[in-house]
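Observations on chain architecture
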Amino acid sequence: QVQLVESGGGLVQAGASLRLSCAASTRTFTSYSMGWFRQPPGKEREFVAGISRSGGSTYYADSVKGRFTISRDNAKNTVYLQMNSLKPEDTAVYYCAADKGLRPTTIATMDYWGQGTQVTVSS
């Protein structure tokens, strides 16, 4: 079992930046590809960004390309989501997830989930 704990969310104005962190409790962090997903109020959870086990490949939803950057520090068992130029439509609970497979882009294939961190962007 893998425990994931997100942090870094908050309330910001449009155009601001936030960096989310996800700390993983596992001795085999490099065995997992990692992803960020979000659930806006009243909507279904959706994919945001993913990163391969080595960090060599990244994936982004069209809605965040050019604004968000996913990265990982395997020595620290941590994955990050740098969010720039935030928009009100980015408001959501953001979830970190771990995948024993290869493609961290689909909700149904993720094996472990964090509890989420709230990001609110005001206009």
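What follows covers the environment of isoleucine 51. Mapped onto the secondary structure, isoleucine 51 falls in strand β5 (residues 46–51). Isoleucine 51 sits in the buried class, given a relative accessible area of 2%. With 28 residues separating them along the chain, isoleucine 51 and valine 79 place their C-alpha atoms 8.8 Å apart. Among residues more than four places away in sequence, those in contact with isoleucine 51 are Ser33, Met34, Ser57, Thr58, Tyr59, Ile70, Ser71, Arg72, Val79 and Pro104.

Time to look at the pairing of strand β7 (residues 68–73). Regular strands place side chains that alternate from one sheet face to the opposite one. The side-chain alternation of β7 yields one buried face, formed by Phe68, Ile70 and Arg72, and one unburied face, formed by Thr69, Ser71 and Asp73. Here β7 runs beside strand β8 (residues 78–83); their pairing, made up of 6 bridges, is antiparallel. Note on β8: the bridge partner recorded for aspartate 73 is threonine 78. If you look at the hairpin formed by β7 and β8, you'll find 4 residues sitting between the two strands, and asparagine 77 has a positive phi there, around 55 degrees.

Attention shifts here to the sheet that holds β7. The strand order β1-β3-β8-β7 describes an open sheet built from 4 strands, whose pairing is antiparallel. The sheet is open, and its two borders are formed by β1 (3–7) and β7, each paired with just one other strand. Recorded for the sheet is a direction-independent mean angle of 15 degrees between the axes of neighbouring strands. For β1 and strand β3 (residues 18–25), the ladder comprises 5 bridges, and the chain directions are antiparallel. Within β3, the position partnered with glutamine 3 by the bridge is serine 25.

Let's shift gears to the state of the cysteines. Under the defined criterion, the tally for this structure stands at 1 disulfide. A disulfide bridge connects cysteine 22 with cysteine 96, and the sulfur atoms are separated by 2.0 Å. Between cysteine 22 and cysteine 96, the disulfide has an S-S torsion of -80 degrees and is therefore left-handed. In this pair, cysteine 22 sits in strand β3 while cysteine 96 sits in strand β9 (residues 92–99), placing the two residues 74 residues apart along the sequence. Cysteine 96 gets classed as buried once you look at its relative accessible area, which sits at 0%.

Criteria and thresholds
- Residues numbered from 1 in each chain as written.
- Predicted model: local features only at pLDDT ≥ 70, side-chain atom pairs only at ≥ 80, totals over all residues.
- Heavy atoms only, no water.
- Helix = DSSP H or I, 4+ residues; strand = E, 2+ residues; numbered from the N terminus.
- Buried < 20%, exposed > 50% of the residue type's maximum accessible area, 1.4 Å probe, protein only.
- Contact = heavy atoms within 4.5 Å.
- Pairing = 2+ DSSP bridges.
- Axes fitted to C-alpha atoms, helices over the stretch in contact; angles between N-to-C directions.
- Disulfide = S-S within 2.5 Å.

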